[in-house]
Amino acid sequence: MDLDPILLSRIQFAFTISFHIIFPALTIGLSSWLAVVEGLWLITGHKVYQEVYKLWVKIFAVTFAMGVVSGVVMSYQLGTNWSGFSDSIGSVLGPLFAFEVLTAFFLEASFLGIMLFGWDRVTRGMHFASTVIVALGTVTSAFWILSANSWMQTPAGYEISNTLLFQPTSWMEIIFNPSFPYRLLHMVIAAYLTTAFFVGGIGSWYLLKKRNLPHARIMVGMAMLMAVFVTPVQILVGDLHGVNTFTYQPAKVAAIEGLWETQKGAPAILLGWPDKTEEKTKSLLEIPKLTSLLLTHDPEGEVKGLKEWPKEERPPVAIVFWSFRVMVGIGLLMLATGLMAIYLHFRKKLFDKKWFQRWCLAMTPSGFIAVLAGWFVTEIGRQPYIVYGLMRTAQAASPVMGRHVLLSLVAFVVVYTFIFGAGLYYIAKLIKKGPQPFLKQDDIYGSHGLNPPVLRYSDA
Amino acid sequence: MLDFSPLLDLPLISGGVIAAAIFLYVLLDGFDLGVGILFPFAPSEDCRNKMMNSIAPFWDGNETWLVLGGGGLFATFPLAYAILLPAFYIPIILMLLGLIFRGVAFEFRFKSKGKMHTLWDYSFHFGSLAAAFFQGVLLGAFVEGVAVKGRAFGGGSFDWLNAFSLMTGIALIFGYALLGSTWTILKTDAKTQEWARKSALYSLLYVALFMGLVCLWVPFLNDKLFVRWFTFPNLAYLCPIPLLTVVTFISLYKSLAKKQEAQPFILAILLFSLGYLGLMVSLWPWIVPYQISLWQAAANPKSLSLILIGVFFLLPITLGYTAYSYYVFRGKSGHHYE
């Protein structure tokens, strides 16, 4: 049997990175939220904030650990499976990865230890500072990795030497490449919304069960603030990101819209079926001229169709088309949630309506699904290139054998499924147990069993 | 664009930075992997909890040095990264899977009881064991060298697997066990410390055995290594390394016998430093042994210049707060957990 190592490496990379992104999507948001909650505790002195913090910091720790172990895999897979890519673009993207480790990973790892186990070992101020530093670390990490990813979508500030190696010509152009600001904003906001709907969903579950009501109100209330104020911002940023993609990656946009023929006044197909063999999209529901209006800000603007590119230059259409609709659909549901929250708030019923609690509970995983769908759109829409327009994915693969990649892929699927299942189980257990009354300063989880340093002398 | 290449030997400095990062990884993750290796042999559950607690705040930071080693190699010597990682595809994947099992055990173990608790204990142990073994295998295979074709790996999928690399795999397990047991001596007391001292003695014995074996084997792996170590005047310059190693072994043994607390860990670190120094002497100036030198594999000087600016300003800060974190969690470890 002949196994294609390139296809298998692509599947393996897609699987491992999809699995990985779930965790940063939550830790970026959770760490910032935890910083706010701890700040509120320090300012108001209300124990309920501290109890909310102590519950969620445990969930954060589980999520972070899974993010770390799946992240280490990513940093090596670039070489094990994509050595052609590593060799070609090392001089351009390498420094970005190095800076991610130096400015973010060490910061997160060191201060996470204090955040989790340092309650009785550092002052309250230092503990709060640690939470803030971890939050900053997660965003810094997002900065570098999204810069590198964006460079692969919209390369800039490079030259190609005669040995087919990419060489840097301007770091500012490389780091702040054309799609980077949009992608960074879009992803960081997505992480915040993912967290808000996750936290809000859990809070709603407590409300439904009539448990931990003061804590649940904080979770739901703060989540709805995000839904109301941040979802519209995200939709706006998403639109700007789309216009940017239209400028730099028109083939991706054509796949997103399911548009085969170049046309003026292109409609937006809301529901349909893109057919690769017939080269057209069977449209079920469409709004005339909307695509042109959104992308060119002119209802009669011209939008290029997929037939502009030869077949081997086109990205896979169906999955890009559908993933985009899933992402936008969830965005609209989030917007609707915000509107419901406003309505209920002004009727003073935000925490009382069962139907709304059930709705929010159902929305708990929505952010994760939207994040994954969004990444499917942007990464699959970039195909068949790994560096857009310059280097094909097929040129990037390592000289490894298909059957070994298959074995490693199977191993990753089995191990990740097991680990993910265990992680979900322990997070569910923590949620079920709920916030615990905070008894004394040397709370056992706070010290995590580490004796305060003075014990060394008094015990001995 | 910034370019220090007329002033500085950038590949040389970058090579030093990568070597230092990998060395710090070996020391730091070495002791917490070592704790995992010794884990099931501890005399009681309380001991295991103490051992786990003594490394829980640090393991994540320690493992970050591995990311710096990998990411840093990619950034500074992309050609070496592109050749070595496919060459070692299987052991790297197995090492990563081991690290996954042990990493998540830190969180899951404290949250489970009964059979599940035992399951995560074993996940921690076998994960640590596998990671240590395959790191040792990687080291052995690296010293033996890899086949290169053009700008890519040109050998077979199992070139890394042979008697020498299996031996170095087992050797590193004992090496990490020595670091882990001396760390445990430092961070625990009473019964746990007593047991750790005994473990350290056993580990030390095996480390001596394997270090001797490596010293006898390496010079005969190829002519280059033989010439490096056994010709004059190299022999005269290099003989302090093995001599100091012997002295360190004896001091470490004495220190354990005297029941000292901190010194064994420091001496174990010194032992690793000497071994690492010997390794660097053997491999100089190769980054892909015997095929590609530091200068041939180096990234664009502009890239190296940018990275070195980052390293110059950020690494001292990183080391500073890492030290702060070790200071915050100083003292003996307890056995409580939630």
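So, how was this worked out
- Residues numbered from 1 in each chain as written.
- Chains lettered and ligands numbered in written order.
- Predicted model: local features only at pLDDT ≥ 70, side-chain atom pairs only at ≥ 80, totals over all residues.
- Helix = DSSP H or I, 4+ residues; strand = E, 2+ residues; numbered from the N terminus.
- Rg over C-alpha atoms; globule rule 2.2 N^0.38 Å.
- Buried ≥ 20, exposed ≤ 12 C-beta atoms within 10 Å, placed from the backbone.
- Pairing = 2+ DSSP bridges.
- Contact = placed C-beta atoms within 7 Å.
- Nonpolar A, V, L, I, M, F, W, Y, C, P; charged D, E, K, R; others polar.
- Domains from an automatic or database assignment.
- Axes fitted to C-alpha atoms, helices over the stretch in contact; angles between N-to-C directions.
- Parallel < 35°, antiparallel > 145°, perpendicular 65-115°, else oblique.
- Left-handed = near helix turned anticlockwise from the far one by under 90°.
- Expected span 1.5 Å × (residues − 1).
- Bend = angle between axes of the 7 residues up to and from the residue.
- Core = buried A, V, L, I, M, F, W, Y, C linked by C-beta atoms within 7 Å.

Novice: How should the overall build of chain B be read in this particular structure?
Specialist: The helix and strand inventory of chain B stands at 14 helices and four strands. Computed over its C-alpha atoms, the radius of gyration of chain B comes to 20 Å, within 12% of the 20 Å expected for a compact globule of 338 residues. Seen along its three principal axes, the alpha-carbon backbone of chain B occupies a region of about 55 × 45 × 40 Å. Considering chain B as a whole, with its 338 residues, one finds that 54% of them fall into the buried category.

Novice: Honestly, the pairing of strand β5 (residues 280-287) of chain A in this entry has me stumped. Any pointers?
Specialist: In the case of a regular strand, side chains alternate between the two sheet surfaces. Residue and element names in this part refer to chain A. Note that strand β4 (residues 268-275) and β5 share seven bridges and pair antiparallel. Opposite Gly272, over in β5, you have Ser283 as the bridge partner. The turn linking β4 back onto β5 is made up of four residues, and Glu279 within it adopts a positive phi angle of 55°.

Novice: Looking at this structure, how should I read the interface of chain A and chain B?
Specialist: Many descriptions give the size of an interface as the accessible area lost when the pieces come together. On the side of chain B, 68 residues touch chain A, which itself brings 63 residues to the contact. Of all the elements in the fold, those that place two or more residues in the side of chain A that touches chain B are α2 (47-80), α3 (83-117), β2 (166-168), α13 (402-433), α14 (444-447) and α15 (455-459) of chain A. The greatest single-element share of the side of chain A that touches chain B, amounting to 21 residues, is contributed by α3(A). Considering only residue class, the side of chain A that touches chain B consists of 39 nonpolar, 20 polar and four charged.

Novice: For this particular structure, what's the right way to read the environment of Ile160(A)?
Specialist: Residue and element names in this part refer to chain A. As for its position among the elements, Ile160 is in strand β1 (residues 158-160). According to the C-beta neighbour criterion, Ile160 is partly exposed, with 13 such atoms within 10 Å. With 86 residues separating them in the primary sequence, Ile160 and Phe246 have C-alpha atoms 25 Å apart.

Novice: Just checking my understanding: could you explain unusual backbone geometry for this structure?
Specialist: Trans peptide bonds make up most of the peptide bonds, and negative phi angles are found at most residues other than glycine. With an omega of 5°, the peptide bond running from Gln383(A) to Pro384(A) counts as cis. Inspection of the secondary structure puts Pro384(A) in the loop between α12 (366-380) and β7 (385-387). Cis geometry is found at the peptide bond from Phe232(B) to Pro233(B), where omega equals 10°. As for its placement among the helices and strands, Pro233(B) is situated in the loop between α9 (223-230) and α10 (234-238).

Novice: Help me understand the domain arrangement of chain A, please; the structure alone is not making it clear to me.
Specialist: All names here are of chain A. Domain assignment breaks chain A into domain 1 (1-177 + 401-453) and domain 2 (178-396). The distance between the C-alpha centroids of domain 1 and domain 2 comes to 23 Å. Of the residues lining the interface, 37 residues belong to domain 1; the matching set on domain 2 comes to 41 residues. Secondary-structure elements contributing two or more residues to the side of domain 1 that touches domain 2 are α1 (5-44), α2, α3 and α4 (124-153). Broken down by element, the side of domain 1 that touches domain 2 gets its largest block of residues, twelve residues, from α1. Broken down by class, the residue content of the side of domain 1 that touches domain 2 amounts to 23 nonpolar, twelve polar and two charged.

Novice: How should the packing of α3(A) against α4(A) be read in this particular structure?
Specialist: Any two packed helices are characterised by the angle at which their axes cross and by the distance between the axes. Residues and elements named next belong to chain A. Packing of α3 against α4 leaves a shortest axis separation of 8 Å and a crossing angle of 160°. In this view, α3 runs roughly antiparallel relative to α4, as classed from their interaxial angle. Every pair of crossing elements has a handedness; the one defined by α3 and α4 is left-handed. Tallied by class, residues from the contact of α3 with α4 come to 17 nonpolar, nine polar and two charged.

Novice: Quick question: what am I supposed to make of the environment of Phe232(B) here?
Specialist: All names here are of chain B. Its location among the elements puts Phe232 in the loop between α9 and α10. Judged by the 7 C-beta atoms lying within 10 Å of it, Phe232 falls in the exposed class. C-alpha of Phe232 to C-alpha of Lys302: the two residues are 70 residues apart in sequence and 39 Å apart in space.

Novice: In this structure, what is going on with helix α1 (residues 10-38) of chain B? I would like to understand it.
Specialist: Residues spaced three or four apart along an α-helix point in a common direction, a consequence of the helix completing one turn every 3.6 residues. Taking 1.5 Å as the rise per residue, α1(B) with 29 residues should run 42 Å; its terminal C-alpha atoms sit 41 Å apart, in good agreement. In α1(B), a bend of some 35° at Gly30(B) exceeds every other bend along the element.

Novice: Hey, could you run me through helix α12 (residues 263-283) of chain B in this one?
Specialist: All names here are of chain B. Along its 21 residues, α12 runs 30 Å from first to last C-alpha, staying within 8% of the 30 Å computed at 1.5 Å per residue. Turning to α12, its buried residues are Pro264, Phe265, Leu267, Ala268, Leu271, Phe272, Leu274 and Gly275. If you follow the buried residues of α12, they end up packed against α1, α7 (163-187), α8 (190-217) and α11 (240-257).

Novice: Looking at this structure, how should I read the nonpolar core?
Specialist: Proteins that are soluble and globular tend to have nonpolar side chains buried together. Ala80(B) and Leu96(B) are the most contacted members of the largest nonpolar core, which has 247 residues in total. With 21 residues, α3(A) is the single largest residue contributor to this core. A domain-level breakdown of this core finds at least three residues from each of domain 1 (1-177 + 401-453) and domain 2 (178-396) of chain A. Setting aside residues no more than four positions away along its own chain, Ala80(B) makes contact with Leu73(B), Ile287(B), Val288(B), Ile292(B) and Ala297(B).

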